[in-house]
Amino acid sequence: MIKVAVIGYGVVGSGVVEIIHRNKSILKENTGEDIEVKKILDVRTFPQDKYGYLVTSDPDEIFKDPEISIIVETMGGTKFAYDYSVRALKSGKNLVTSNKEMVAAHGPELLRLAKENGVRYMFEASVGGGIPIIRPLTLCLAGNNINEIFGILNGTTNYILTQMKETGKSFEQALKEAQAKGYAEADPEADIEGYDALRKIAILSSVSYNEFVDYKKLSCQGITNITSDDIRLAKEAGYSIKLIGYSRKDGAGILARVSPMLIPEGNILSGVNDVFNAIMVRGDFIGESMYYGRGAGKEATASAVVGDIADIVKNPGAVEKSLWDSQSEKLIDPGETETVFFVRYSENGVKRWLITEKVKEKDIYKLLEQKGITAENIIRVME
């Protein structure tokens, strides 16, 4: 019998408990073991919940219990989750998380602690919700030199942009609708400003290049400046606007960023709508490979967490071989890269737009200033 503890009984944590209990027989068939949630750590009580009897507010009941071999951390943030994560690994317990902020900020340290203590630190659910991507990168594509990753990494912003394009809603109207449907938080800053996608592209870069890419050093632009005019003009020109996380590694170093982009209608990413995500990976032998599905949500994210639990159960004694260097290679300044840009501007009181030739980002504003053009929005174009 494999005993599991869950830290944080919120949306994802409750989903993990539900899957383990409801699909107990399927998990045993797939892993060869019975898996059971023994404890749930939360400061709240849940007297009306059918699993409320498992809840404790005492961390010692988990960390000092020799029967518990796997801990699931679904708290989010780093304030308390960091201490619990370190304690779990130092206690010799395998740790599974959906906490992208934790992985993006402390991945190198936690991977090292896992190896030192002969356990595993797994985080498939931290990127892409239920989309398998971490495991394919580390196992299925292990024979490839991964040189580029890009895609739609945030379901909230993709839903908003889809609504703006298909129904003509303003950004503010689409955001309110997303909040009403539970796709966006009451405070949507992490999504709409691009921070959520930034952490995810940093994690994917770190996994693919096997070195730490610090999200705090990357360029990030959200969708708050995208207007109905941008959406309409892009559509007329044969493009969709998507928030894209982009990363590549070449001889010059690593370029990674998050920004809105105009995607040609013929590109497969332009047809990824609503809360769905799609991640494109390019390797020297595989070429281009795509991973698509629901990028967030209780069921999808909890499913990925349980997948990591099953992996640990099926491979007892395995330890993580991947260790990210705490210092990444040279990060390329996005301002030095040449890109095609969409520019919406006003000239003599008349609103116009254009699509430039390839130009360095740092030069686009200087060029417009020389021409006396006041830019209202500048958006990258995917070729």
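Heads up: the structure comes first, above all this text.
An account of the accompanying structure is given in this report. These figures come from a predicted structure and were not determined experimentally.

Looking at the overall build of the protein chain
What the protein chain contains, in helices and strands, is 13 helices and 16 strands. Relative to the globule expectation of 21 Å for 383 residues, the C-alpha radius of gyration of the protein chain, 22 Å, shows essentially globular dimensions. Each of the three principal axes of the protein chain carries a C-alpha extent, and together these read 75 × 50 × 35 Å. Put simply, the protein chain has 383 residues, and 53% of those count as buried.

Let's talk about the pairing of strand 7 (residues 146-152)
Strand residues, when the strand is regular, have side chains that alternate between the two faces of the sheet. Within strand 7, 6 of the 7 residues are buried, leaving the element largely enclosed by the surrounding structure. Note: strand 7 against strand 11 (residues 276-283), 6 bridges, orientation antiparallel. The partner of Gly151 across the bridge, within strand 11, is Ile279. Summarising the sheet, strand 7 and strand 9 (residues 239-250) pair through 4 bridges and their orientation is antiparallel. Bridging from a neighbouring strand, Ile149 pairs with Ser247 of strand 9.

Remarks on the pattern of salt bridges
Taken as a whole, this structure holds 36 salt bridges when the rule is applied. Put simply, Arg87 and Asp60 hold a salt bridge, and the shortest N to O gap is 2.5 Å. Here Arg87, found in helix 4 (residues 81-90), pairs with Asp60, found in helix 3 (residues 60-63); they are 27 residues apart in sequence, far enough to count as distant. Here Lys362 ties to Glu336 by a salt bridge, and the two come within 3.0 Å at their closest N and O atoms. Taken together, the residues Lys362 in helix 13 (residues 361-370) and Glu336 in the loop between helix 12 (298-314) and strand 13 (338-347) connect sequence positions 26 residues apart. Judged by relative accessible area, which is 36%, Glu336 ranks as partly exposed.

Description of helix 8 (residues 171-180)
Listing the buried residues of helix 8 in full gives Phe171, Ala174, Leu175, Glu177 and Ala178. Take helix 8 and look down its axis: the buried residues cluster within an arc of 160°, on one side only. Those residues of helix 8 that are exposed and angled more than 90 degrees off the buried face are Lys176 and Ala180. Just past helix 8, the residue Gly182 takes up positive phi, approximately 85°.

Focus on the packing of aromatic side chains
Between two aromatic rings, the relevant description is the distance of the centres plus the angle of the planes. Within this structure, the stated rule accounts for 7 aromatic pairs. Relative to Tyr84, the ring of Phe63 has its centre 5.9 Å away and its plane inclined at 20°; by these criteria the two rings are stacked. Of this pair, Phe63 sits in helix 3 while Tyr84 sits in helix 4, and the two are 21 residues apart along the sequence. The exposure class of Phe63 is buried, given its relative accessible area of 6%. Ring centres of Phe276 and Tyr292 lie 5.3 Å apart, and the angle between their planes is 5°; this geometry places the pair in the stacked category. Separated by 16 residues along the polypeptide, Phe276 in strand 11 and Tyr292 in strand 12 (residues 287-294) bring together distant segments of the chain. A residue is classified by how much of its surface remains accessible, and Phe276, at 22% relative accessible area, is partly exposed.

Section: the sheet that holds strand 6 (residues 121-122)
In space, the 6 strands of this open sheet follow the order 3-2-1-4-5-6, with parallel pairing throughout. The open sheet has two edge strands with one neighbour each: strand 3 (55-56) and strand 6. Pairing between strand 1 (residues 2-7) and strand 2 (residues 35-41): 6 bridges, direction parallel. Bridge assignment links Lys3 to a residue of strand 2, and that residue is Glu36.

Comments concerning unusual backbone geometry
Despite not being glycine, Asn210 shows a phi value in the positive range, around 55°. The residue Asp274 is not glycine, and still its phi comes out positive at about 55°. Mapping Asp274 onto the fold places it in the loop between strand 10 (253-264) and strand 11. We classify Asp274 as partly exposed; its relative accessible area is 29%.

Looking at helix 12
For helix 12, spanning 17 residues, the distance from its first C-alpha to its last is 24 Å, which sits close to the expected 24 Å at 1.5 Å a residue. Counting buried positions along helix 12 yields 12 of 17 residues, so the element is predominantly enclosed. Along helix 12, the residues classified as buried are Ala300, Thr301, Ala302, Ala304, Val305, Val306, Asp308, Ile309, Ala310, Asp311, Ile312 and Val313.

A closer look at the environment of Ile7
Residue placement: Ile7 occurs in strand 1. Of the residues examined, Ile7 reaches a relative accessible area of 2% and is grouped as buried. In sequence terms Ile7 and Ala178 are 171 residues apart; their C-alpha atoms lie 28 Å from each other. For Ile7, the residues in contact, after removing those within four places along its chain, are Leu41, Phe63, Ile71, Val72, Glu73, Thr74, Met75 and Tyr84.

Rules used throughout
Residues numbered from 1 in each chain as written. Predicted model: local features only at pLDDT ≥ 70, side-chain atom pairs only at ≥ 80, totals over all residues. Heavy atoms only, no water. Helix = DSSP H or I, 4+ residues; strand = E, 2+ residues; numbered from the N terminus. Rg over C-alpha atoms; globule rule 2.2 N^0.38 Å. Buried < 20%, exposed > 50% of the residue type's maximum accessible area, 1.4 Å probe, protein only. Pairing = 2+ DSSP bridges. Salt bridge = Lys/Arg side-chain N within 4 Å of Asp/Glu carboxyl O. Arc of directions from axis to C-beta. Phe/Tyr/Trp six-rings, centres within 6.5 Å; stacked < 30°, edge-to-face > 60°. Expected span 1.5 Å × (residues − 1). Contact = heavy atoms within 4.5 Å.

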